[in-house]
Amino acid sequence: MDTRQLLERQSFIELDARSRAKRLLDKGTFSELLDPFQRVTSPWLMRQGIVTQADDGMVVARGTIDGEPAVVLGIDGGFQGGSMGEVSAAKIAGSLELAAEDNRNGIPTRAVILFETGGVRLQEANLGLAAIAEIHAGIVDLRRYQPVIGITAGPIGCYGGMSIAAGLCSYLIGTREARLGLNGPAVIEQEAGIAEFDSRDRPMIWSFTGCEQRHRTGLVDDYVADDADAMRAAVIDLFRAGRPEACRSERVAGFLARLSEVDPGVQATPEQVAAIYGKGFQS
Amino acid sequence: MSTQELSKRGAVWLDALTYSAPLQPGYPPSVRVADARLGEHRARFIAVVPDPDNPFPRARGGEVGLVEAWELARAVREVIAADKERDEKRAIVAVIDVASQAYGRREEAYGIHQALAGAADAYASARLAGHPVIGLIVGRAMSGAFLAHGYQANRLIALADSQVMVHAMGKESAARVTLRSVADLEAFTARVPPMAYDIDNYASLGLLWKLLSVSDADAPTRADQTAVETSLQAAFDDIRRDPSRGLESRLGSEHRTASATVRRKLREQWH
């Protein structure tokens, strides 16, 4: 990107969840379900002395993408780290369920999920975890009819049970800013010690879990610049490509074959991961 | 987790419920797969168990690691493939005692999130294909490990026992992430049911199909074994009677009214 392009482009990462959804949908088609004025908020945060947010940090946007019916599920990373509480997660799961039902009734509704999340909201722990299982179920169901596209743009990235949800998507798009991983750096350090994982070593963290590396190692399909138009174009291209022959999470034999090449006796390096996973996961 | 004694519960219950059926060959020591019967029906039983010699050092205590998760996926998908042309799909019983997902640098490097997605996908796909999938919680069902091994089941059964627990994160880590002391966290868990670690509070969330009392969860008596078998068969019959292959049966509890409200309002506004 040269200076002129940089000045003219609209950053995607700098947009809030609602604006991101608006930019992905066809112009003028955005409408929000369960918007903040309906005030369906977390029933669990108040009693812990935590301020709620009127949309529980989750935007459900209907409209069309490339002329086809769509729902964009935008997680607001600015509220409680984009964590999944009972309400925010139910907004995703419930929407995926309705989209799958649409497809069974002949309406080709498709879904995009904007992953900007640390995973389960620990203040709602078990209800967040249960709802994430329902999100997983919803993706696997809907994916049978239409591609489900996940985007992790940053700055939060995608962690915890929601990284598993990302791993279930038909396609995944990432930017240089975003990280994708199961366990947060602080939690690995807490559980396994600082020698295993130093949560303050940001270059190390990005070298393994940044989406540039995830793309290089085949765990992300599309690596896109921080540009709202480029993001929308990438989404349209993937929807036009249709459902993949097999989703990444279905490539069991391929991943087991690659893992058998790993020497678990030595600590991993980004180069070694690229060398092994760079071969792909065809079985 | 390393400070705790390695749990034998997964292995003990898998062995009891399959009447010591031979383990399927070709799986690592940490993933046990046995084909047996559930009443008169064919069933595959699967457990993740501790392996102190696991080549991956962060997955030696019964955690679901990279290899465990993809092997779970393989064990489930074998059944889907074998029954593809059959009308009666074989039952799958996940015997659940999983300490956590594996926390480590190797795990993140090689995409443990993707491995767990592979396992969750396999169980969800089995359920959608018509296999009755039952999760039997005999010990810990923690976080990502539970999402990969059991949470996609049509029905969940748990033993009522003090060592049986379901949670999103261990107490020390949860306190660190939420910027609280462990004492503060424990105070909240006492009055916020979804935050609690014990199985009775978990049962109040309506996610379990049955909570079963047994006399000895570590070394089941004949009566314990019969009680669990009877419950598994009842769950099997209940799944067969249910036209839905989804997870709606978990939405009925008073502690999940918000989950139901969100779905009702979404439906009203959808079109």
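In this text the structure is predicted, and so the values were computed from the model without any measurement. (Residues numbered from 1 in each chain as written. Chains lettered and ligands numbered in written order. Predicted model: local features only at pLDDT ≥ 70, side-chain atom pairs only at ≥ 80, totals over all residues.)

### Describing the overall build of chain B
Phase 1: Helix and strand counts for chain B come out as 10 helices and 7 strands.
Phase 2: For chain B, whose C-alpha radius of gyration is 18 Å, the value lies close to the compact-globule estimate of 18 Å for 271 residues.
Phase 3: Dimensions along the principal axes, computed over C-alpha positions, put chain B at roughly 50 × 50 × 40 Å.
Phase 4: Burial statistics for chain B: of 271 residues in total, 55% are counted as buried. (Helix = DSSP H or I, 4+ residues; strand = E, 2+ residues; numbered from the N terminus. Rg over C-alpha atoms; globule rule 2.2 N^0.38 Å. Buried ≥ 20, exposed ≤ 12 C-beta atoms within 10 Å, placed from the backbone.)

### Observations regarding the nonpolar core
Phase 1: Counting residues in each nonpolar core, the largest one holds 176 residues, and the members touching the most others are Ile-132 of chain A together with Val-93, Val-95, Leu-116, Ile-137 and Ile-157 of chain B.
Phase 2: Looking at this core, the element that brings in the most residues is helix α4 (residues 125–142) of chain A, giving 12 residues.
Phase 3: Each of domain 1 (10–250) and domain 2 (252–283) of chain A contributes no fewer than three residues to this core. (Core = buried A, V, L, I, M, F, W, Y, C linked by C-beta atoms within 7 Å. Domains from an automatic or database assignment.)

### A short note on the interface of chain A and chain B
Phase 1: Facing the 66 residues of chain A at the interface are 66 residues of chain B.
Phase 2: Of all the secondary structure elements, the ones that give two or more residues to the side of chain A that touches chain B are α3 (86–104), α4, α5 (161–168), α6 (185–192), α7 (202–209) and α10 (252–259) of chain A.
Phase 3: Tallying contributions element by element places α4 of chain A first for the side of chain A that touches chain B, with 14 residues.
Phase 4: Of the residues in the side of chain A that touches chain B, the class split is 40 nonpolar, 16 polar and 10 charged. (Contact = placed C-beta atoms within 7 Å. Nonpolar A, V, L, I, M, F, W, Y, C, P; charged D, E, K, R; others polar.)

### Comments concerning the environment of Ser-204 of chain B
All names here are of chain B.
Phase 1: With respect to the helices and strands, the residue Ser-204 is situated in the loop between α8 (199–203) and β7 (210–213).
Phase 2: Looking at Ser-204, the number of C-beta atoms within 10 Å reads 17, which means it is partly exposed.
Phase 3: In this structure the C-alpha to C-alpha distance between Ser-204 and Ile-46, which are 158 residues apart in sequence, comes to 27 Å.
Phase 4: Those residues in contact with Ser-204, other than ones at most four positions away along the chain, are Pro-193, Ser-253 and His-255.

### Some details on the domain arrangement of chain A
All names here are of chain A.
Phase 1: Once the domains are mapped, chain A shows domain 1 (10–250) and domain 2 (252–283).
Phase 2: For domain 1 and domain 2, the distance between their C-alpha centroids amounts to 26 Å.
Phase 3: Counting residues at the interface gives 7 residues for domain 1 and 8 residues for domain 2.
Phase 4: Counting only elements with at least two residues in the side of domain 1 that touches domain 2, the list comes to α7 and α8 (211–216).
Phase 5: Considered class by class, the residues forming the side of domain 1 that touches domain 2 number 1 nonpolar, 4 polar and 2 charged.

### Quick word on the packing of α5 of chain A against helix α4 (residues 112–128) of chain B
Phase 1: Remark: α5 of chain A packs on α4 of chain B, axes separated minimally by 8 Å, with the N-to-C direction vectors making an angle of 70 degrees. Taken together, the axes of α5 of chain A and α4 of chain B lie roughly perpendicular to each other. The crossing of α5 of chain A and α4 of chain B is right-handed. Along its contact with α5 of chain A, which presents Ser-163, Ile-164, Ala-166, Gly-167 and Leu-168 of chain A, the element α4 of chain B presents His-113, Gln-114, Leu-116, Ala-117, Ala-120 and Asp-121 of chain B. (Axes fitted to C-alpha atoms, helices over the stretch in contact; angles between N-to-C directions. Parallel < 35°, antiparallel > 145°, perpendicular 65-115°, else oblique. Left-handed = near helix turned anticlockwise from the far one by under 90°.)

### Focus on helix α9 (residues 228–241) of chain A
All names here are of chain A.
Phase 1: The end-to-end C-alpha separation of α9 is 20 Å, in line with the 20 Å expected for 14 residues at 1.5 Å each.
Phase 2: Here α9 has its buried residues at Ala-228, Met-231, Arg-232, Ala-234, Val-235 and Phe-239. Buried residues of α9, seen end-on, are gathered within an arc of 160 degrees and therefore sit on one face of the element. Residues of α9 that are exposed and angled more than 90 degrees away from the buried face: Ala-233, Asp-237, Arg-240 and Ala-241.
Phase 3: Elements that come into contact with the buried residues of α9 comprise α2 (17–24), β2 (58–65), β4 (110–114), β5 (148–152), β6 (171–174) and β7 (222–223). (Expected span 1.5 Å × (residues − 1). Arc of directions from axis to C-beta.)

### Some words on the sheet that holds β6 of chain A
All names here are of chain A.
Phase 1: Across the sheet, which stays open at both edges, the 7 strands sit in the order β1-β2-β3-β4-β5-β6-β7 with mixed pairing between neighbours. Two strands bound the open sheet, and with one partner strand each, they are β1 (31–33) and β7.
Phase 2: Note that strand β3 (residues 68–75) and β4 share 5 bridges and pair parallel. Each bridged residue has a counterpart across the sheet, and for Ala-70 the counterpart in β4 is Arg-110. (Pairing = 2+ DSSP bridges.)

### Topic: the pairing of β2 of chain A
All names here are of chain A.
Phase 1: Taken across its 8 residues, β2 has 6 buried, putting it largely inside the fold.
Phase 2: Judged from the 3 bridges that link them, β1 and β2 form a sheet pairing that is antiparallel. Residue pairing for β2: Leu-33 is matched across the bridge by Val-60.
Phase 3: Note that β2 and β3 share 8 bridges and pair antiparallel. Bridge assignment links Ala-61 to a residue of β3, and that residue is Val-72.
Phase 4: Linking two consecutive strands that pair antiparallel, namely β2 and β3, is a turn of 2 residues; a positive phi of about 55 degrees is found at Asp-66 within it.

### With respect to the packing of α4 of chain A against α5 of chain A
Each packed pair of helices is defined by two parameters, the angle between the axes and the distance between the axes.
Residue and element names in this part refer to chain A.
Phase 1: At a minimum axis separation of 9 Å, α4 and α5 run at an interaxial angle of 5 degrees. Compared by their axis directions, α4 and α5 come out roughly parallel. From α4, Leu-129, Ile-132, Ile-135, His-136, Ile-139 and Val-140 reach across to α5, where they touch Gly-161, Met-162, Ile-164, Ala-165 and Leu-168.

### Here's the deal with the confidence of the model for chain B
Phase 1: In this model, chain B carries a mean pLDDT of 95, and residues with pLDDT of at least 70 account for 99%.
Phase 2: Among the scores for the predicted complex, ipTM is 0.98 and pTM is 0.97. (pLDDT = per-residue confidence, 0-100.)

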